[in-house]
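Here's the letter readout for the chains.
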Amino acid sequence: MKFNGKTKLLVVLVVSIGLIISIYLYIDNNREYEEISYKEFVYRVEKGIVEEIRITDAAKLRGKLKNGTKFITDNPRRDNFKEYLLLHNIKVIEEDSNGLVGQSISFILMLAGIGTVAYLIKRNTKLAEKEMASMSNIVTENSTVGQITFDDIAGNEEAKESLKELVDFIKDPEKYAQYGARMPRGVLLYGPPGTGKTLLAKALASEANVPFYAVSGSDFVQIYAGLGASRIRELFKKAKENGKSVIFIDEIDALGKKRKGANSHGGSEEGDRTLNALLTEMSGFKGNEGIIVLAATNRIDTLDEALLRAGRFDRQIEVGLPDVNARFSILKLHSRNKPLAKDVDLRKVALETVYFSGAKLENLMNESAMMAARKRDKQITMEHINKAYINVLVGEEKKDRSSISIRDKEITAYHEAGHALMAKKLSKFNRVTKVSIIPSTKGMGGFSLNIPPDRIYQTKRDIINNIMIALAGRAAEEIIFGKDNITTGASSDLQKATEMTLAMIGSYGMDEELGLVNYDVVLNNNLNTDISLMERAKELLEEFYIETKGILIDNRNYLDSIAHKLIEKESLEEEEINKILAS
Ligand code: ATP
């Protein structure tokens, strides 16, 4: 029998209520009866005050006096007893089983109830034990980890260097001990998703040739109280039994969330217990056992400071998005086993994949290969890669386009033309590699792939440009179709524009009026948030919107040309857009 959480709760509730009622009935049944001796009973019979007797085979008899008092006495089990009673005008009720039915039912119910509750408790314990046992499944096979080396990771040179030092440390901890050097207890890898953090951890274990224990912070968010903490203890026990090893905790933020303010807790009580268990285990290392704890997070800013203190995750390594050279290496790495056609220029692909993570690049090459395989083409060509590029970014092209009205097509064309034209007009460094009005399965009406310049820092002007590019879709709609005909198509643009504006003025201190205050800090510390941040964002967005509209109106001829060409061809490449703008 399988119960899900809700039914289990319901069953426990019903059984508990039944149990309480039957225990009550059982106790109550016996409580109403006054226990008297047999001698007293005979006396009462003789006195003529007994009204009825229930005869059974049981050791006790029950009866009622004429005044209603119920009593219980020893059963003489003698012959002619019934006749004796009848002769004294006493009503005799024979109860072989009948009279006991109520009692027995409540007794049976009680037993059944106790049984069910015991079963459920046992089942839960078993589940919990099973959960504990599943700890043994978390050990990642050495064979798979063993194949991954630092050479399988492109880019991330600093992170690799940092971890390579640890390889030596794990292999020969005594060497370091002689110099009094303490091995870092914990290393935190932080950076955006898909940048190779897990890969680095695996490479460390395999290069040091030690077992790799991988868990995810979210595995510890358990419904059973105390299980998270015991899982942590179990994990470390296992690692210590094996001697040297690498323990990898992915998504550590799931269990080590920052506790905000004095009163409120970022994590749950259970989360805190688990976190404390982790910290205790880490403090328990002697330091030179050759065990390294690696953790990964996408959000270092949300981590509890307790985790980052000395002796804990005191070495922090950033694993960032790859730059153009790293992207080129990653693309080459993931093309190693793929038949690439001569026309494939991976450097060009690297140039056009700004902000792609390693995982996304791997996905791009995999999609390209799948596309070629599906078509049974001999090699992967640039065309496959271009198509895969769009799939990875915006989802597959929607197959059925017949249902799109001419009007919708027109609106999308002007909207996308607005984005593209704005990107081109605002900075000569902005690239627009493709504009399309082909709807995607991700729900987008069309898209304009604007590639910002590949730089470490963004200037205030870059951010404002990006905000204006985002607003240009809505602005173009308004210019062409009028204020009342603007559409819902701009919602995600507005979301992006708002986010960028708030970050610009609230996080980067780029607004003279609001000054250098970082409002994330203000909010995180529950300080007064009654500030003009919102008002100022609204004001700025309005200014940017008016400016955007002005630029589009001044370039109306280009806007029309791009939109018309889009309606005709549905998608345009960068060269075609440049041609229109040069005319
Ligand atoms: P998350 O934060 O989402 O857990 P992660 O940073 O741990 O992500 P990985 O799981 O290590 O990312 O990477 C996912 C996949 O992306 C890898 O298996 C690999 O194929 C590819 N990849 C990511 N970064 C790189 C890289 N620098 N070099 C080669 N491949 C990479």
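Okay, so let's go over this structure. (Residues numbered from 1 in each chain as written. Predicted model: local features only at pLDDT ≥ 70, side-chain atom pairs only at ≥ 80, totals over all residues. Heavy atoms only, no water.)

So, the overall build of the chain
Using the following cut-off: Strands here are runs of E lasting at least two residues and helices are runs of H or I lasting at least four, both read from the DSSP assignment and numbered beginning at the N terminus. By definition in these notes, contact holds between two residues if any of their heavy atoms fall within 4.5 Å. All accessible areas in this document rest on Shrake-Rupley with a 1.4 Å probe, and a residue is counted as covered only by the protein chains that are shown.
Broken down by element type, the chain carries 22 helices and 14 strands. Taking the intrachain contacts of the chain between residues at least 6 apart in sequence as the baseline, contacts between residues at least 24 apart amount to 73%. Roughly 31,500 Å² of accessible area belongs to the chain as shown, and the carbon and sulfur atoms make up 53% of that amount.

Quick look at the packing of aromatic side chains
Definition in use: Any two rings among Phe, Tyr and Trp, with Trp reduced to its six-membered ring, count as a pair given centres within 6.5 Å; such a pair is stacked if its planes are under 30 degrees apart, edge-to-face if over 60, and tilted if neither. Relative accessibility thresholds used throughout: buried, under 20% of the residue-type maximum; exposed, over 50%; partly exposed, between the two (1.4 Å probe, protein chains only). Two conditions define a charge sitting above a ring: the NZ of Lys or the CZ of Arg must be within 6 Å of the ring centre, and it must be within 35 degrees of the ring normal.
In this structure the tally under the stated criterion is 8 aromatic pairs. An angle of 50° between the planes, with centres 6.2 Å apart, marks the rings of Phe41 and Phe81 as tilted. Residue Phe41 is located in helix H2 (residues 38–47), and its partner Phe81 is located in helix H3 (residues 81–87); the two are separated by 40 residues in the primary sequence. Residues Tyr414 and Phe481 carry aromatic rings whose centres are separated by 5.9 Å and whose planes lie at 85° to one another, so their mutual orientation is edge-to-face. One end of the pair, Tyr414, is in helix H16 (residues 406–426); the other, Phe481, is in helix H17 (residues 460–481), and 67 residues separate them in sequence. The pair Tyr414 / Phe481 is uniform in exposure class, with both members buried. Three or more aromatic residues link up through ring pairs in this structure, and these residues are Tyr38, Phe41, Phe71, Phe81 and Tyr84. For the cation-ring pair, Arg347 lies above Phe328, with the distance from its terminal atom to the ring centre recorded as 4.2 Å. A cation over an aromatic ring shows up here: Lys360 above the ring of Phe356, its NZ or CZ 5.1 Å from the ring centre.

With respect to the site of the ligand
Keep this limit in mind: Nearness of a residue to a molecule or strand requires only that one of the residue's heavy atoms be within 4 Å of it. Pairs of N or O atoms are called polar contacts if they sit within 3.5 Å, as long as, within protein, a hydrogen donor faces a hydrogen acceptor (for residues adjacent in sequence, only side-chain-to-side-chain pairs). Domain start and stop points were drawn from an automatic or database domain assignment.
Around the ligand, a shell composed of 19 residues is seen, among which Ala154, Gly194, Lys197, Thr198 and His334 lie nearest. One nitrogen or oxygen atom from the main chain of Thr195 is found 3.1 Å from an oxygen atom belonging to the ligand. In this structure, Leu199 approaches the ligand through a main-chain N or O atom, which is 3.0 Å from an oxygen atom. A total of 640 Å² of accessible area belongs to the ligand in isolation, and the protein chains cover 79% of it. Within the residue set of the shell around the ligand, elements represented by two or more residues are helix H8 (197–208), helix H12 (324–333) and helix H14 (358–374). Built from parts of two domains, the shell around the ligand gets at least three residues from each of domain 2 (145–318) and domain 3 (324–394).

A look at H16
Here is the rule: How far a helix is expected to stretch is found by multiplying one less than its residue total by 1.5 Å.
Its 21 residues place the ends of H16 30 Å apart at the C-alpha level, agreeing with the 30 Å of an ideal helix rising 1.5 Å per residue. The element H16 is largely enclosed, with a buried count of 15 among its 21 residues.

Regarding the pattern of salt bridges
Heads up, the rule is: The term salt bridge refers to a pairing of a side-chain nitrogen on Lys or Arg with a carboxyl oxygen on Asp or Glu at a separation within 4 Å.
Considering all chains together, one arrives at 24 salt bridges under this definition. Two residues, Glu52 and Lys91, come together in a salt bridge whose shortest N-O distance is 3.8 Å. Taken together, the residues Glu52 in strand E2 (residues 50–55) and Lys91 in strand E5 (residues 91–94) connect sequence positions 39 residues apart. Across the salt bridge formed by Arg536 and Asp511, the nearest N and O atoms sit 2.7 Å from each other. Taken as a pair, Arg536 in helix H20 (residues 533–554) and Asp511 in the loop between helix H18 (491–507) and helix H19 (519–524) lie far apart in primary sequence, 25 residues in all. Arg536 sits in the buried class, given a relative accessible area of 10%. Residues joined by salt bridges that share partners form a network here, namely Lys348, Glu352, Lys424, Arg431 and Glu574.

Remarks on the environment of Glu95
Considering the arrangement of structural elements, one finds Glu95 in the loop between E5 and helix H4 (98–133). We classify Glu95 as buried; its relative accessible area is 5%. Between the C-alpha atoms of Glu95 and Ile55, which are 40 residues apart in sequence, the distance is 5.7 Å.

A look at the nonpolar core
Here is the rule: Working definition of a nonpolar core: buried Ala, Val, Leu, Ile, Met, Phe, Trp, Tyr and Cys residues. They are joined through side-chain atoms within 4.5 Å.
Membership of the largest hydrophobic core comes to 47 residues, with the highest contact counts inside it found for Met504, Phe544, Leu552 and Ile562. Contributing elements (two or more residues each) for this core: H16, strand E12 (431–436), H17, H18, H19, H20, helix H21 (556–569) and helix H22 (574–582). Here the element with the most residues in this core is H17; it accounts for 12 residues. Filtering out sequence-adjacent residues up to four positions away, Leu552 remains in contact with Gly418, Leu421, Met422, Ala472, Ala475, Ala476, Ile479 and Leu559.

Looking at the sheet that holds strand E14 (residues 571–573)
Cut-off, in case you're wondering: Any two strands are treated as partners once DSSP identifies two or more bridges connecting them. Fitted lines through C-alpha atoms give the axes, limited to the stretch in contact for helices. The angle between two N-to-C directions lies from 0 to 180 degrees.
Taking strand neighbours across the sheet as the criterion, the 3 strands line up as E13-E12-E14 in an open arrangement whose pairing is antiparallel. The open sheet has two edge strands with one neighbour each: strand E13 (447–451) and E14. Within this sheet the neighbouring strands show an average axis-to-axis angle of 15°, counted without direction. Pairing between E12 and E13: 5 bridges, direction antiparallel. Within the sheet, the bridge partner assigned to Arg431 lies in E13 and is Ile451. Relative to the sheet, H21 contacts E12 and E14, its axis offset from that of E14 by approximately 115°.

Here's the deal with the environment of Gly228
Position of Gly228 relative to the elements: it lies in helix H9 (residues 227–241). Assessed through its relative accessible area of 0%, Gly228 is described here as buried. For the pair formed by Gly228 and Ser218, sequence separation is 10 residues and the distance between their alpha carbons is 10.0 Å.

A few points about the pairing of E12
For E12, the tally of buried residues reaches 5 of 6 residues, placing the bulk of the element in the interior. Direction of pairing for E12 relative to E14: antiparallel, over a ladder of 3 bridges. Across the sheet, the residue bridging to Val435 is Leu572, located in E14.

Let's talk about the packing of H17 against H18
Two quantities define a packed helix pair, namely the angle between the helix axes and the distance between the axes. Operational definition: Under this scheme an angle from 65 to 115 degrees is roughly perpendicular, one under 35 degrees roughly parallel, and one over 145 degrees roughly antiparallel; angles in between are oblique. Each crossing is labelled by how the near helix is turned from the far one, with a counterclockwise turn of less than a right angle marking it left-handed and a clockwise turn marking it right-handed.
Where H17 contacts H18, the two axes come as close as 8 Å, and the packing angle between them is 160°. Judged by the inter-axis angle, H17 sits roughly antiparallel to H18. The interaxial crossing formed by H17 with H18 has left-handed handedness. Between H17 and H18, the residues in contact are Lys460, Ile463, Ile464, Asn466, Ile467, Ala470, Leu471 and Arg474 and Asp493, Leu494, Ala497, Met500, Thr501 and Met504, respectively.

As for the sheet that holds strand E3 (residues 60–65)
Strand order across the open sheet formed by 5 strands is E1-E4-E3-E2-E5, with mixed pairing between neighbours. The two strands at the open ends of the sheet, each matched to only one other strand, are strand E1 (34–35) and E5. As judged from the 2 bridges shared by E1 and strand E4 (residues 70–74), these two strands associate in the parallel manner. When the sheet's bridge partners are listed, Glu35 is paired in E4 with Ile72.

A few points about unusual backbone geometry
One non-glycine residue, Asn89, adopts positive backbone phi at about 60°. With respect to the secondary-structure elements, Asn89 resides in the loop between H3 and E5. Even without being a glycine, Glu251 presents a positive backbone phi close to 45°. Tracing the chain through its elements places Glu251 in the loop between strand E9 (245–250) and helix H10 (269–283).

So yeah, pure geometry; function would need other evidence.
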